[in-house]
Amino acid sequence: MTTPLPDGYGPNSRIKEGPEPKYVQLAAILAARIDRGDFPEDTPLPSVAKLQTAYGVSRGTAQRAVSVLAEHGRVRVSNGKGAWPVHT
């Protein structure tokens, strides 16, 4: 089963306390940033460590957000090389 991405999160949204898990919020924000063109197809997403710092989340939260994007076909993950955006 694919984790649904919620509506209402734009590329400039921040992670907040609420009913949506933080990893789902982060995945929705990153998807919006991919849609906006912040990550060209030939450039990987920021590393998990950089996502942790930028969004103030744990390593597991950042990793799970990238996994959700992969479930949705929004990124392709290359072990040891990062996650690359897939533009639709």
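Owing to the predicted nature of the structure, the values given are computational and were not obtained by experimental measurement.

A.B. asks: So, the overall build of the chain: which residues are in play, and what are the values?
C.D. replies: Counting its secondary structure elements, the chain contains three helices and two strands. Counting from the amino terminus, the chain carries its helices and strands in the arrangement α-α-α-β-β. Computed over the C-alpha atoms, the radius of gyration of the chain is 12 Å, within 12% of the 12 Å expected from 2.2 N^0.38 for a compact globule of 88 residues. Along the three orthogonal principal directions, the C-alpha set of the chain runs to about 35 × 30 × 25 Å. When the 88 residues of the chain are sorted by exposure, 38% land in the buried category. When contacts within the chain are restricted to residue pairs at least 6 apart in sequence, long-range pairs at least 24 apart make up 48% of them. In the chain, 11 positive and 8 negative side-chain charges are present, and the distance between their average locations comes to 7 Å.

A.B. asks: Lay out the packing of aromatic side chains in plain terms, naming residues and giving numbers.
C.D. replies: Summed over the entire model, instances satisfying the criterion amount to zero aromatic pairs. Its end group placed over the ring of Tyr23, Arg64 keeps NZ or CZ at 4.0 Å from the ring centre.

A.B. asks: If you had to explain the nonpolar core to someone new, which residues and values would you point to?
C.D. replies: Of all hydrophobic cores here, the largest spans 23 residues; its most connected members are Leu26, Leu30, Leu45, Tyr55, Leu69 and Val75. In terms of residue count, the dominant contributor to this core is helix H1 (residues 22–36) (nine residues). Apart from the residues within four sequence positions on either side, Val75 is in contact with Ile34, Leu45, Val66, Leu69, Ala70, Ala83, Trp84, Pro85 and Val86.

Definitions and limits used
Residues numbered from 1 in each chain as written. Predicted model: local features only at pLDDT ≥ 70, side-chain atom pairs only at ≥ 80, totals over all residues. Heavy atoms only, no water. Helix = DSSP H or I, 4+ residues; strand = E, 2+ residues; numbered from the N terminus. Rg over C-alpha atoms; globule rule 2.2 N^0.38 Å. Buried < 20%, exposed > 50% of the residue type's maximum accessible area, 1.4 Å probe, protein only. Contact = heavy atoms within 4.5 Å. Lys, Arg positive; Asp, Glu negative; His and termini not counted. Charge placed at Lys NZ, Arg CZ, Asp CG, Glu CD. Phe/Tyr/Trp six-rings, centres within 6.5 Å; stacked < 30°, edge-to-face > 60°. Lys NZ or Arg CZ within 6 Å of the ring centre and 35° of its normal. Core = buried A, V, L, I, M, F, W, Y, C linked by side-chain atoms within 4.5 Å.

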